[in-house]
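# Structure assessment
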Amino acid sequence: MYVTTNRTGKIASIIEKRRPLIEKIEVVEANLHLLSSKLHHLENYRHHLLTAVNDQNVYGRLQEIDLTTIQNSIADELNKLAKLKMRFCRDTLNIGVVGRARQGKSRLLQSLTGLTAAEIPDGDRQHCTGVRSTIHHNPNVDTYGEVWFHSERSFLDEVISPYYQKLHLGNTPITIEEFATNPLPKLPQNLPGYAEPGAMYEHLTRYHTHLDKYRHLLQNLLPRRISRDEIREYVAQDTPDGKRVFFNYLAVREVKIVCNFPNADVGQIALVDMPGLGDTGVGDEERLMKTLGQDVDAVLFVRMPKSSGDYWADVDVRLYDTSRAALVDLPINLWSFMVLNQTAANSKNGDNSHNCQDLAETLTDKHLQVVDCLIANCADNLAANQVLDQVLDYLVINITSLDQQYGSSRQERLIQLQNSVEAELEKARNALGQSTPQDNWFPVFEQLFNQLWNDLTSGLERLLRQLRQQRNADDIDFKQQVEAAIQACRHDTGIPSLEQIEKRRDRIGGYPNAYYQYLNEIRAHLSQNFLLLDEALKRSLSQLKANVAQVLIEQGRLGKLTNGKKDEFFPEITNLIPENLSKLKLGFHILSDFDISYRGLIQHRIRKHLDGLTPDDTSLQLSKSPSAKELLANLKALQAEAIYGCETALEDLLCEPSQAAFAIVEEFIDRVLRAEGAKIEWRIFLEEMRAEIWQEEFEQLGERTKLRREWLNSIEQAATANKSDSIKFLN
């Protein structure tokens, strides 16, 4: 029976403690994407300035700003953050098993997992080395596998393309059909080496020759669950007795195997069976680095010394260096172990115990630094599981500090990136030099501002006087729409004929039932006519805003700052006003957002006049012996009464749009003209916008001012995205 032990619980706790970091990393990723976007906008504007400025000093300073390197760094950081997040997203602690072919790696995995050579092919025969297998411990299930296949696109890009590039075979086939129908290009004769390129080409030939046997698997978008007996068909090319009949593995991207490990005290772990290196499969090292970089918490290097004598060869050093480069932020000597596979005298390799000891003693001479060097017979279950126990005990004690070191290294790089961004932004701030406006601009501005202020205040006050005189008058457009709605109610009543009433009565079983249905239908039919009042109210409001805008455009010259569309005038001006000009911004914001609608102003006032057409509230009930004529008469009476009530209510509301118009314009004028400090805010705003408003007077200065303002604004947006707390995910 499986019992949760202290180590099992600690592993589960470690995995759970990683979870909160995921969301924090996602926040950092979002901030980096935002920063990249702002820098992209700034870079586009820099290119625009390079074509617009005629000052060679400014041109030179703009040329010195290097945002391309920054963008590349951001992309690199996002990629590395994705690896870090992947580490914290896992439900298991993952231990990778790495080694060149036929060193005992598969035997070690068999001993640790309880699987056999049928599921994990070992070195006694040729086997597929290109399929990565992840073996999960689960004590509660029978052994099974899940197979992920390449798509046609990933198969061409990740499997076939590296061969074409490595062997200089020309352009990679664009489609799977092209790969299938065209013969392989001949191997160039001028490639360095002889045997290795030839062996690589044989690998590619195998993919090409047997494509028809596995091509159908490239159509599987979802993983396929397989039984224990089927696993070998997807990870190996031959049967246990050596018959080469399997080709499914050529289409496989990854296999996950779930089984019950013999060692019950392993908890939530998984063993990652890395592709055996050294069999000339192109792309193996790249896949190794990708896996180690994002899918592994600790790595076991497996090496089987020859009994006849052995030493640390260059291939061992290269394998170590390849693994070390997979995760530069966390030194591999803190999360790797060397397992020297000790074989007995009766094994095919013979007794290599002395050579195991020699290699262990000379490990550091080759700078192969690991947590520990363990000597064990990989084919012996007890010895292999003692190795696993040592590795797990180390992880339980150290994985949290390793995560912290990894994360701290990543965060330190982000801080460096942040400082690099700020350095480039500071260069950008100084690129246009100091602002040197003409000496005589201020007197000209004062004169123009005073004239504009007089014209603007006179224009707005004149408009307000007109609205004050009209505020108790009926709104003509609204009145006409009300009359049209009432006429529609009277001419298109929705009241049924006697014949229709009789049919309804027969269909639903009685006059009362028909009566209640007709009440609801007539009420709904009548009320929809009033929905058109909303259009009249919108037109009135739109005309009001257009009238105010007209004054601001003609007397205030603010039309120079917008795209010319009056319906967009107020939102555009509101957005242009800085936050520190609060009175002015509030006034424009109030008028911009002001709305008047049928639902908000009128609907609730006329709805009470429709109660007579509501079954529960109607004042006219049918008699005990109703007829179609009685039902029809009641409907006509109630409908007429409802129309009359609505008409009376609406007559009292005809001046509401006029009163609302006066009220909102007076509120607007109070905010932007009469409030204390309003004139000062206008002066500040128009001084900033002087070049656009008085283009002829400030044409040359205006162009420089506009460019400078937009440039500095782009810089500050990037600076805001680069704020100091945007890259923190560790406490």
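Residues numbered from 1 in each chain as written. Predicted model: local features only at pLDDT ≥ 70, side-chain atom pairs only at ≥ 80, totals over all residues. Heavy atoms only, no water.

Going by the annotation in an unreviewed UniProt entry, the name recorded for the protein chain is Dynamin family protein, with Anabaena sphaerica FACHB-251 given as the source organism.

When you go through the protein chain residue by residue, the secondary structure sums to 27 helices and 9 strands. For 731 residues, the compact-globule formula gives about 27 Å, and the C-alpha radius of gyration of the protein chain, at 40 Å, lies well above that figure. Along the first, second and third principal axes, the C-alpha set of the protein chain runs to 115 × 95 × 60 Å. When each of the 731 residues of the protein chain is scored for burial, the buried share is 48%. Contacts in the protein chain between residues far apart in sequence, at least 24 positions, make up 79% of those at least 6 positions apart. (Helix = DSSP H or I, 4+ residues; strand = E, 2+ residues; numbered from the N terminus. Rg over C-alpha atoms; globule rule 2.2 N^0.38 Å. Buried < 20%, exposed > 50% of the residue type's maximum accessible area, 1.4 Å probe, protein only. Contact = heavy atoms within 4.5 Å.)

What follows covers the sheet that holds strand S6 (residues 269–273). With mixed pairing, 9 strands are arranged side by side in an open sheet as S4-S3-S5-S2-S6-S1-S7-S8-S9. Strand pairing shows two members of the sheet lacking a second neighbour, strand S4 (224–227) and strand S9 (372–376), which therefore form its edges. Between one strand and the next, the sheet's axes are offset by a mean angle of 25 degrees, whatever the strand orientation. In terms of strand pairing, strand S7 (residues 298–303) meets strand S8 (residues 336–341) through 5 bridges, oriented parallel. Its bridge partner lying in S8, Val 299 is registered against Ser 336. Contacting strand S1 (93–98) and S7, helix H11 (residues 314–324) crosses the sheet at an angle of about 170 degrees to S7. Relative to the sheet, helix H13 (residues 381–429) contacts S1, S6, S7, S8 and S9, its axis offset from that of S1 by approximately 130 degrees. (Pairing = 2+ DSSP bridges. Axes fitted to C-alpha atoms, helices over the stretch in contact; angles between N-to-C directions.)

Counted according to the given criterion, the structure contains 45 salt bridges. Between Lys 585 and Glu 579 there is a salt bridge, with the nearest N and O atoms lying 4.0 Å from each other. Judged by relative accessible area, Lys 585 falls into the buried class, the value being 14%. For Glu 579, a relative accessible area of 64% puts it in the exposed group. When salt bridges that share partners are traced, they join Arg 18, Arg 87, Arg 90, Asp 297 and Asp 403 into one network. (Salt bridge = Lys/Arg side-chain N within 4 Å of Asp/Glu carboxyl O.)

The next thing to look at is the environment of Gln 56. Mapped onto the secondary structure, Gln 56 falls in helix H2 (residues 56–64). Between the C-alpha atom of Gln 56 and that of Ala 633, which follows or precedes it by 577 residues, the distance is 91 Å.

To continue, consider the packing of aromatic side chains. Overall, the coordinates contain 17 aromatic pairs when judged by the stated rule. Seen in terms of ring centroids, Phe 449 and Trp 453 are 6.2 Å apart; in terms of plane orientation they differ by 25 degrees. Their pairing is stacked. With Phe 449 and Trp 453 both in helix H14 (residues 441–470), this residue pair falls 4 residues apart, about one helical turn. Judged by its relative accessible area of 10%, Trp 453 is buried. Pairwise contacts between aromatic rings join Phe 155, Tyr 163, Phe 179, Tyr 207 and Tyr 214 into one cluster. (Phe/Tyr/Trp six-rings, centres within 6.5 Å; stacked < 30°, edge-to-face > 60°.)

Right, let's get into the environment of Leu 115. Mapped onto the secondary structure, Leu 115 falls in the loop between helix H4 (105–113) and strand S2 (132–137). We classify Leu 115 as buried; its relative accessible area is 4%. Sequence spacing of Leu 115 and Cys 259 is 144 residues, and the spatial spacing of their C-alpha atoms is 8.0 Å. Once you skip the residues sitting within four places of it in the chain, Leu 115 turns out to touch Gln 110, Ile 120, Ile 135, Thr 143, Arg 228, Ile 257 and Cys 259.

Most peptide bonds are trans, and most residues other than glycine sit at a negative phi. In the Ramachandran plot, His 168 falls in the positive-phi region, its phi being about 55 degrees despite a non-glycine side chain. Inspection of the secondary structure assignment puts His 168 in the loop between helix H5 (152–166) and helix H6 (176–181). Relative accessible area serves as the criterion here: at 55%, His 168 is assigned to the exposed category. Look at Arg 557: it is not a glycine, yet its phi comes out positive at around 60 degrees. Since its relative accessible area comes to 31%, Arg 557 is described here as partly exposed.

The next thing to look at is the side chain of Asp 316. One can find Asp 316 in helix H11. The class of Asp 316 is buried, set by a relative accessible area of 8%. Excluding residues that lie within four positions of it along the chain, Asp 316 makes contacts with Arg 100, Arg 303 and Tyr 311.

Turning next to the packing of helix H15 (residues 476–491) against helix H18 (residues 533–554). Helix packing geometry: the angle between the two helix axes and the distance between the axes. Interhelical geometry of H15 versus H18 gives an angle of 175 degrees and a closest axis separation of 9 Å. Compared by their axis directions, H15 and H18 come out roughly antiparallel. Contacts between H15 and H18 involve Asp 477, Phe 478, Gln 481, Val 482 and Ala 485 on the former and, on the latter, Leu 533, Ala 536, Leu 537, Arg 539 and Ser 540. Split into classes, the residues belonging to the contact of H15 with H18 amount to 6 nonpolar, 2 polar and 2 charged. (Parallel < 35°, antiparallel > 145°, perpendicular 65-115°, else oblique. Nonpolar A, V, L, I, M, F, W, Y, C, P; charged D, E, K, R; others polar.)

Across the 6 residues that make up strand S3 (residues 144–149), a large majority, 5, are buried. Direction of pairing for S3 relative to S4: antiparallel, over a ladder of 4 bridges. Each residue of the ladder has a partner; that of Tyr 144, found in S4, is Ser 227.

On to the nonpolar core, then. Counting residues in each nonpolar core, the largest one holds 131 residues, and the members touching the most others are Leu 39, Ile 135, Phe 155, Ile 160, Phe 179, Tyr 207 and Trp 711. Per-element accounting of this core gives the leading share, 17 residues, to H13. Among residues more than four places away in sequence, those in contact with Phe 179 are Phe 155, Leu 156, Ile 160, Tyr 164, Pro 173, Leu 184, Leu 204, Tyr 207, His 208 and Leu 211. Counting residues in each nonpolar core, the second largest holds 81 residues, with Cys 489, Leu 533, Ala 649 and Leu 650 among its members. (Core = buried A, V, L, I, M, F, W, Y, C linked by side-chain atoms within 4.5 Å.)

Right, let's talk about the environment of Val 299 for a bit. Structurally, the position occupied by Val 299 is in strand S7. In this structure the C-alpha to C-alpha distance between Val 299 and Ile 95, which are 204 residues apart in sequence, comes to 5.5 Å. Not counting residues up to four positions away in its chain, the partners in contact with Val 299 are Gly 96, Val 98, Leu 292, Ile 332, Trp 335, Ser 336 and Phe 337.

The next point concerns the state of the cysteines. As used here, a disulfide is simply a covalent bond connecting the sulfur atoms of two cysteines. Applying the stated criterion across every chain yields a total of 0 disulfides. Not part of a disulfide, Cys 259 finds its nearest cysteine sulfur in Cys 378, a span of 17 Å. You can call Cys 259 buried: its relative accessible area is 1%. With no disulfide of its own, Cys 373 lies 8.5 Å from the sulfur of Cys 356, the closest cysteine sulfur. (Disulfide = S-S within 2.5 Å.)

By the element assignment, Asn 385 lies in helix H13. Not counting residues up to four positions away in its chain, the partners in contact with Asn 385 are Ser 111, Leu 112 and Asn 263.

The terminal C-alpha atoms of helix H3 (residues 67–89), which comprises 23 residues, lie 32 Å apart, in line with the 33 Å expected from a rise of 1.5 Å per residue. For H3, the set of buried residues is Leu 67, Ile 70, Ile 74, Glu 77, Leu 78, Leu 81, Lys 83, Leu 84, Lys 85, Arg 87 and Phe 88. The opening residue of H3, the one whose side-chain oxygen lies 3.3 Å from the backbone nitrogen of Thr 68, is Asp 66. (Expected span 1.5 Å × (residues − 1). Polar contact = N/O pair within 3.5 Å; in protein donor to acceptor, adjacent residues only side chain to side chain.)

What follows covers the confidence of the model for the protein chain. Here the protein chain averages 87 in pLDDT, while 94% of its residues score no lower than 70. For the protein chain, per-element mean pLDDT is lowest for helix H10 (residues 284–295), which scores 73, and highest for S9, which scores 96. (pLDDT = per-residue confidence, 0-100.)

So, about helix H12 (residues 353–361). Buried residues of H12: Asn 355, Cys 356 and Leu 359, and no others. For H12, the buried positions fall inside an angular range of 105 degrees around the axis, keeping them on one side. For H12, exposure combined with an orientation more than 90 degrees from the buried face picks out His 354 and Glu 361. Buried positions along H12 lie against S7, S8 and S9. (Arc of directions from axis to C-beta.)

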